Amino acid sequence: MKIEKNISLSNETTFRCGGRAAWFSAPENFAEFENLLKLHKGKLFVLGAGSKTLCPDSGFDGLVISTKNLKNITFENDLVVCDAGAKFCDLEKFCISHGLSGLEWSAAIPASVGGAAVMNAGAFGHDFFESVEKVEIFENGARKILQKNDIEYAYRKTSLLGKVVFRVWLALEKKSPKFVANEFDKFRQKKLSAQPVFYGSAGSIFKRTENVIPSKIIDKLGLKGVKIGGAEISTHHSGFIINTGNATAGDVIALIDLARKTVEENCGIRLENEVIIME
Ligand SMILES: Cc1cc2nc3c(=O)[nH]c(=O)nc-3n(C[C@H](O)[C@H](O)[C@H](O)COP(=O)(O)OP(=O)(O)OC[C@H]3O[C@@H](n4cnc5c(N)ncnc54)[C@H](O)[C@@H]3O)c2cc1C
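Within every chain, residues take consecutive numbers counted from 1 along the sequence as written. Note on the predicted model: pLDDT of at least 70 is required for a residue's local features to be given, and 80 or more for side-chain atom pairs to be given and counted; whole-chain, interface and lining totals, by contrast, use all residues. With hydrogens and water set aside, each side-chain value is computed from the structure's full complement of heavy atoms.

### Focus: the sheet that holds strand β17 (residues 227–228)
Keep this limit in mind: Pairing between two strands is assigned when DSSP locates at least 2 bridges connecting them. Every helix listed is a DSSP run of H or I at least four residues long, and every strand listed is a run of E at least two residues long, numbered separately from the N terminus. Contacts were defined at the residue level, with two residues in contact if any of their heavy atoms lie within 4.5 Å. Axes here refer to lines fitted to C-alpha atoms; in helices the fit is confined to the stretch in contact. Angles between the N-to-C directions go from 0 to 180 degrees.
With antiparallel pairing, the three strands of this open sheet are ordered in space as β17-β18-β19. Here the strands that pair on one side only, and so sit at the sheet edges, are β17 and β19 (241–243). Where β17 lies against strand β18 (residues 231–233), two bridges are found, and the strand directions are antiparallel. Within β18, the residue paired with Lys-227 across the bridge is Glu-232. Across the sheet, helix α6 (residues 249–267) touches β17, β18 and β19, and the angle it forms with β18 is around 30°.

### With respect to the state of the cysteines
Among covalent bonds in proteins, the disulfide is the one between the sulfur atoms of two cysteines. For clarity, the cut-off: Note that a disulfide, as used here, is simply two cysteine sulfur atoms within 2.5 Å.
Taken as a whole, this structure holds zero disulfides when the rule is applied. Between Cys-95, a cysteine without a disulfide, and Cys-82, which holds the nearest cysteine sulfur, the sulfur-to-sulfur distance is 7.9 Å.

### Structural notes on a nonpolar patch on the surface
Just so we agree on the cut-off: Patch membership is restricted to residues that have no salt bridge and whose relative accessible area is over 30%. Joining uses 9 Å for like charges and 5 Å for the nonpolar side chains Val, Leu, Ile, Met, Phe, Trp and Tyr. Note on areas: Shrake-Rupley, 1.4 Å probe, and residue coverage restricted to the protein chains presented here. Salt bridge, as used here: a side-chain nitrogen of Lys or Arg that lies within 4 Å of a carboxyl oxygen of Asp or Glu.
Where nonpolar side chains cluster on the molecular surface, the patch consists of Met-1, Ile-3, Trp-23 and Leu-39 and spans about 440 Å² of accessible area. You can see Trp-23 is positioned in strand β2 (residues 20–25).

### A look at the site of the ligand
The following threshold applies: The nearness test applies per residue and asks whether one of its heavy atoms lies within 4 Å of the molecule or strand. Any pair of nitrogen or oxygen atoms within 3.5 Å is treated as a polar contact; in protein, a donor-acceptor pairing is required on top of that, and neighbouring residues in sequence qualify only through side-chain atoms on both sides. Following the grouping adopted for this structure description, the nonpolar residues are Ala, Val, Leu, Ile, Met, Phe, Trp, Tyr, Cys and Pro, the charged ones are Asp, Glu, Lys and Arg, and the polar ones are all others, Gly among them. Each domain's limits were defined by an automated method or a database of domain assignments.
The local shell around the ligand holds 35 residues, among which Val-46, Ser-51, Ser-112, Gly-122 and Lys-191 are the closest. One nitrogen or oxygen atom from the main chain of Gly-48 is found 2.7 Å from an oxygen atom belonging to the ligand. Relative to its free-state accessible area of 970 Å², the ligand is covered by the protein chains to the extent of 95%. Counting only elements with at least two residues in the shell around the ligand, the list comes to β3 (44–47), α3 (113–119), β9 (122–123) and β15 (164–170). Ranked by residues supplied to the shell around the ligand, first place goes to α3 with five residues. Looking at the shell around the ligand residue by residue, the classes come out as 18 nonpolar, 13 polar and four charged. When we break the shell around the ligand down by domain, the ones giving at least three residues each are domain 1 (4–66) and domain 2 (73–194).

### Notes on the pattern of salt bridges
Our working definition: In this scheme, a residue with accessible area under 20% of its type's maximum is buried, one over 50% is exposed, and one in between is partly exposed, where area comes from a 1.4 Å probe on protein chains only.
All told, the structure shown has 19 salt bridges when counted by the stated rule. For Lys-261, the salt bridge identified is with Glu-265, shortest N-O distance 3.7 Å. In this pair, Lys-261 and Glu-265 are both assigned in helix α6, four residues apart and thus about one turn of the helix distant. A residue is classified by how much of its surface remains accessible, and Lys-261, at 53% relative accessible area, is exposed. Look at Glu-265 and you get exposed, because its relative accessible area is 59%. Ionic contacts of the salt-bridge type, sharing partners, join the residues Glu-34, Lys-38, Glu-136, Arg-143 and Arg-167 into one network.

### With respect to the domain arrangement of the protein chain
For the record, the criterion: Accessible area, probed at 1.4 Å, shrinks when two parts are joined; the buried area is that loss added up over both.
Here the domain parsing of the protein chain yields domain 1 (4–66), domain 2 (73–194) and domain 3 (214–277). One C-alpha centre belongs to domain 1, the other to domain 3; they are set 26 Å apart. With eleven residues of domain 1 at the interface, the matching set in domain 3 holds twelve residues. When the two sides are added together, the surface that domain 1 and domain 3 hide from each other amounts to roughly 970 Å², 67% of it contributed by carbon and sulfur. For the domain 1 face of the interface with domain 3, the top three residues by lost area are Phe-15, Lys-52 and Leu-54, together amounting to 61%. On the surface where domain 1 and domain 3 come into contact, there are one salt bridge. Ionic pairing is found between Glu-274 and Lys-52, a salt bridge with its closest N-O pair at 3.1 Å.

Have a look at this one:
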């Protein structure tokens, strides 16, 4: 099993900036993943596709385990079983080729299945837990299956945060491949017109609640387009901070702080981060 030292995480996260991991490993199979988890007693971060994660410029002083090599997607009876590192774009191809409907809303979200399960990724009024049936986690030295009922989930959060997800089982509906492909395309078009998907970012920076839509408040306060270094509050979608090319993680964090402070001072609302800053 390969464990590397002092690895830059800017290539492992969609913000395309940030510091280094003291130790980094991307297990090739679950036996390796399990061994690493059993042997490592120090600071740990399990990284999926890195599309919600920012590593500070000072780096992460521990072991980062990436699931990027664990990407199998297959059938188990009527359910689709996905390894944690399988990407949504691969799941989309699987759904189209087998005519499986239910995840079309996820078009163009650059998530891994593990990260999406932990965060309950979603869009356009849908979320991942509409389809999740059970999840295999690794806890207290052993693999364990959690049924959907054993897991608490809500808007962009679940009780899986802090646990290690190995595999996820999904229940999807049989439809024609053509129907499924068209639906994915429809949602992709909506997504591309609404969000700056071609820049480095981590999607929405702040959590939305029933009463608070961060992008609307940020917009109203005139913060759209505000820049610190190479980080910018997107002019396309004010809920996103984008890396215009040469942002440091420090630029992004300073802009997050500025937006949060401005919103709190003007509206008395404390925005909560959806982006995960490694610590
Ligand atoms: C352009 C863009 C558009 C986006 N659009 C959306 C959107 O429409 N809707 C939406 O919900 N999100 C969106 N996102 C954000 C992101 O894709 C989701 O939050 C996704 O769920 C994160 O998955 P990930 O694999 O990248 O997680 P990561 O960033 O790798 O990790 C996020 C968290 O999950 C944990 N984690 C990851 N894998 C595992 C595992 N196997 N076991 C345990 N913990 C794990 C990490 O430790 C971390 O705490 C977008 C991001 C970008 C860049």
